[in-house]
Amino acid sequence: MIKVVKFGGSSLASAEQFAKVGNIIRADKERKFVVPSAPGKRNSKDTKVTDMLYACYALVEQEEDFKVQLNKIKDRYDSIINGLHLKMSLEEEFRKIAADFKEKAGIDYAASRGEYLNGLIMANYLGFEFVDPAETIFFDEKGEFLAEKTNEVLSKRLAEVECAVIPGFYGVGPDGRIKTFSRGGSDITGSIVAKAVRASAYENWTDVSGFLVADPRIVENPRPIKTITYKELRELSYMGASVLHEEAVFPVRRAGIPINIRNTNAPEDVGTWIVESTCHQPEFTITGIAGKKGFVSVNIEKDRMNTEVGFGRKVLSAFEDYGISFEHVPSGIDTMTVFVHQPEFEGKEQSVISAIHRYAQPDSVELEADLALIAVVGRGMKSTRGTAGRIFSALAHANVNVKMIDQGSSELNIIIGVCNDDFEKAIKAIYDIFVMTRL
Ligand code: ASP
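Rules behind the numbers
Residues numbered from 1 in each chain as written. Predicted model: local features only at pLDDT ≥ 70, side-chain atom pairs only at ≥ 80, totals over all residues. Heavy atoms only, no water. Helix = DSSP H or I, 4+ residues; strand = E, 2+ residues; numbered from the N terminus. Rg over C-alpha atoms; globule rule 2.2 N^0.38 Å. Buried < 20%, exposed > 50% of the residue type's maximum accessible area, 1.4 Å probe, protein only. Pairing = 2+ DSSP bridges. Contact = heavy atoms within 4.5 Å. Axes fitted to C-alpha atoms, helices over the stretch in contact; angles between N-to-C directions. Phe/Tyr/Trp six-rings, centres within 6.5 Å; stacked < 30°, edge-to-face > 60°. Near = heavy atom within 4 Å. Polar contact = N/O pair within 3.5 Å; in protein donor to acceptor, adjacent residues only side chain to side chain. Areas by Shrake-Rupley, 256 points an atom, 1.4 Å probe, with all protein chains shown as cover. Nonpolar A, V, L, I, M, F, W, Y, C, P; charged D, E, K, R; others polar. Salt bridge = Lys/Arg side-chain N within 4 Å of Asp/Glu carboxyl O. Lys, Arg positive; Asp, Glu negative; His and termini not counted. Parallel < 35°, antiparallel > 145°, perpendicular 65-115°, else oblique. Left-handed = near helix turned anticlockwise from the far one by under 90°. Expected span 1.5 Å × (residues − 1).

Draft legend 1. Seen up close, the overall build of the protein chain. Within the protein chain one finds 14 helices and 16 strands. Rg of the C-alpha trace for the protein chain: 25 Å, near the compact-globule value of 22 Å for 439 residues, within the 12% margin. The principal-axis extents of the C-alpha atoms in the protein chain amount to approximately 75 × 50 × 40 Å. Burial statistics for the protein chain: of 439 residues in total, 53% are counted as buried.

In structure tokens:
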């Protein structure tokens, strides 16, 4: 059995963190393929190496001297190398990077060096082979990831080695230039590697013990989620629960490989398992709660709306014309409401309203701003009666006025709209009713 282990930036921010990672890898012979991020923050005031690289390359583009900034980055790596007592030097690598910067090798190349150099250190520290994504992970000319070609080349390359380190976050374009995924993209690399070696599990090591039922900034000490399905995860991540890059699920999901989120600072914790499907009932009726502030509801009224074929399409095309995506569209007999992101909508509101009038001739269009949406997600809701009832009685007791309710047809989630000001209170009330009192 093979496990692919990806370590995030905070797990590799210093020599001490590297040592913890080394222990984790050595504790299990199945952990054969390692995907490191660049060194992250050592404390809350620190700067990630990736951000230092972006800043350094900005100097290159402004034709300013970048040596001081590049040396600070080198110091970060040297302190890891020295702290681990490794017999290696990145002197030559940094000389090449400086020369490539002068040649304007590109912002993606610059950012990717964070993972590249950390990968070299990791390979040396573990005695594993170094496999460069510049030769094994491919993008097309539009910058889209090439899944098939990558899988073919990468699986062949990794079949030749017993154990390897493959840096996260980047690959190569058809022009031979380095290309990165979006921020946090080492999660995606881990998933791609797991698929290429047909791993039995993709362990994603970070600084939290998995997903939590609610945001710890809102609920004190929320309970961890032991098992979550890919679908539930999608709903929660979309609503702001961020532990894993959204795109990281696709390669492993199709290959039926589960993801295990683990904590480098608490390796004994079991973390969260992300799976395709499971017969394990969740501990509580709900799996998780997440939400976002900053929505506007556009409330449209028209007498006899229900009989007018095509009314919804006309209204939505007004939003489409201005490039605004909608979140939810609850409707009544003579009313239709469209929820949109406030920052996206604000500057275009009058144009959209006049387009709605032009296309659909409604009786009135009214706006309500500063709303929040909360998603209560759980595969357990399908087989449980009264979930919605419990949510709304908890909210009523907490004095929260519910502005909108939307239950997805999958019965996997219930979306609730409340005022921004009630957001935290609402999440606490829902958490309490399902987790604390287990009603
Ligand atoms: N180092 C990159 C970032 O900070 C990628 C990653 O860590 O996943 O976004």
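Draft legend 2. Representation of the pairing of strand S10 (residues 272–275) in the model. Of the pairings in the sheet, the one linking strand S8 (residues 227–229) to S10 comprises three bridges and is parallel in character. Across the sheet, residue Thr 227 finds its bridge partner in S10, namely Trp 273. The sheet contact formed by strand S9 (residues 259–263) and S10 spans three bridges and is antiparallel. Note that in S10 the partner of Asn 260 across the bridge is Trp 273.

Draft legend 3. Inspection of the sheet that holds strand S3 (residues 129–130) at higher detail. The eight strands lie next to each other as S3-S4-S2-S1-S7-S9-S10-S8, forming an open sheet whose pairing is mixed. With partners counted over all chains shown, the strands left at the sheet margins are S3 and S8, one partner each. Contacts from helix H1 (residues 15–26) reach strand S1 (3–7), strand S2 (31–36) and strand S7 (201–206) within the one sheet, and its direction differs from that of S1 by about 170°.

Draft legend 4. Quick look at the packing of aromatic side chains. All told, the structure shown has 11 aromatic pairs when counted by the stated rule. Between Tyr 57 and Phe 101, the aromatic rings sit 5.3 Å apart at their centres with planes inclined by 80°, giving edge-to-face as the arrangement. One end of the pair, Tyr 57, is in helix H2 (residues 49–61); the other, Phe 101, is in helix H4 (residues 91–102), with 44 residues separating them in the sequence. You can call Tyr 57 buried: its relative accessible area is 1%. Judged by its relative accessible area of 0%, Phe 101 falls in the buried class. With a centroid separation of 6.3 Å and 80° between ring planes, the pair formed by Phe 101 and Tyr 109 is classed as edge-to-face. The exposure classification of Phe 101 matches that of Tyr 109, with both residues buried.

Draft legend 5. How the structure looks around the site of the ligand. Residues in contact with the ligand, as listed here, are Ser 37, Lys 48, Thr 50, Glu 115, Phe 169, Arg 183, Gly 184, Gly 185 and Ser 186. In the environment of the ligand, a nitrogen atom lies 2.7 Å from a nitrogen or oxygen atom belonging to the side chain of Glu 115. Compared with its free state, where it exposes 260 Å², the ligand has 93% of that area covered by protein. Partitioning the shell around the ligand into residue classes produces one nonpolar, five polar and three charged.

Draft legend 6. Molecular detail of the side chain of Gln 17. Examined against the element boundaries, Gln 17 turns out to sit in helix H1. Among the polar contacts made by the side chain of Gln 17, one reaches the main-chain carbonyl oxygen of Ser 10 at a distance of 3.0 Å. Among the polar contacts listed, one links the side chain of Gln 17 to the side chain of Asn 265, at a separation of 3.1 Å. Not counting residues up to four positions away in its chain, the partners in contact with Gln 17 are Ser 10, Ser 11, Leu 12 and Asn 265.

Draft legend 7. A look at the pattern of salt bridges. Taken as a whole and assessed by the stated rule, the structure comprises 28 salt bridges. The salt bridge partner of Glu 91 is Lys 74, with a shortest N-O separation of 3.2 Å. Residue Glu 91 is located in helix H4, and its partner Lys 74 is located in helix H3 (residues 67–83); the two are separated by 17 residues in the primary sequence. With its nearest N and O atoms 3.1 Å apart, the salt bridge here joins Glu 129 to Arg 157. Separated by 28 residues along the polypeptide, Glu 129 in strand S3 and Arg 157 in helix H6 (residues 147–159) bring together distant segments of the chain. According to the relative accessible area criterion, Glu 129 is partly exposed, its value standing at 38%.

Draft legend 8. Region of the structure containing the side chain of Glu 327. Mapped onto the elements of the fold, Glu 327 is located in strand S12 (residues 326–328). The buried charged residue Glu 327 lacks any salt bridge partner; its closest oppositely charged side chain belongs to Lys 292, at an N-O distance of 5.9 Å. A polar contact is formed between the side chain of Glu 327 and the side chain of His 341, at a distance of 2.9 Å. Not counting chain neighbours up to four residues away, the residues in contact with Glu 327 comprise Tyr 238, Phe 295, Phe 339, His 341 and Leu 373.

Draft legend 9. Main features of the packing of H2 against H3. Contact geometry for H2 and H3: axes closest at 9 Å, N-to-C directions at 160°. By the criterion of interaxial angle, the relationship of H2 to H3 is roughly antiparallel. Of the two elements, H2 crosses H3, and the hand of that crossing is left-handed. For the pair formed by H2 and H3, the contact residues are Val 49, Met 52, Leu 53, Ala 55, Cys 56 and Leu 59 on the first element and Gln 69, Leu 70, Lys 72, Ile 73, Arg 76 and Tyr 77 on the second.

Draft legend 10. Broad picture of the pairing of strand S14 (residues 364–377). Pairing of strand S11 (residues 288–301) with S14 involves 12 bridges; the strand directions are antiparallel. Along S14, the bridge assignment pairs Gly 291 with Ile 374.

Draft legend 11. View of the packing of H6 against helix H7 (residues 186–196). Contact geometry for H6 and H7: axes closest at 9 Å, N-to-C directions at 70°. Between H6 and H7, the crossing angle belongs to the class labelled roughly perpendicular. Both H6 and H7 take part in a crossing whose hand is right-handed. Each of Thr 150, Asn 151, Leu 154, Ser 155 and Leu 158 in H6 lies in contact with H7, whose residues at this interface are Ile 192, Val 193, Lys 195 and Ala 196. Of the residues assigned to the contact of H6 with H7, the class counts are five nonpolar, three polar and one charged.

Draft legend 12. Seen up close, helix H14 (residues 423–436). The first and last C-alpha atoms of H14 sit 19 Å apart over 14 residues, in line with the 20 Å expected at 1.5 Å per residue. Those residues of H14 lying buried are Phe 423, Ala 426, Ile 427, Ala 429, Ile 430, Tyr 431, Ile 433, Phe 434 and Val 435. Elements in contact with the buried residues of H14: S11, S14, helix H13 (387–397) and strand S16 (413–419).

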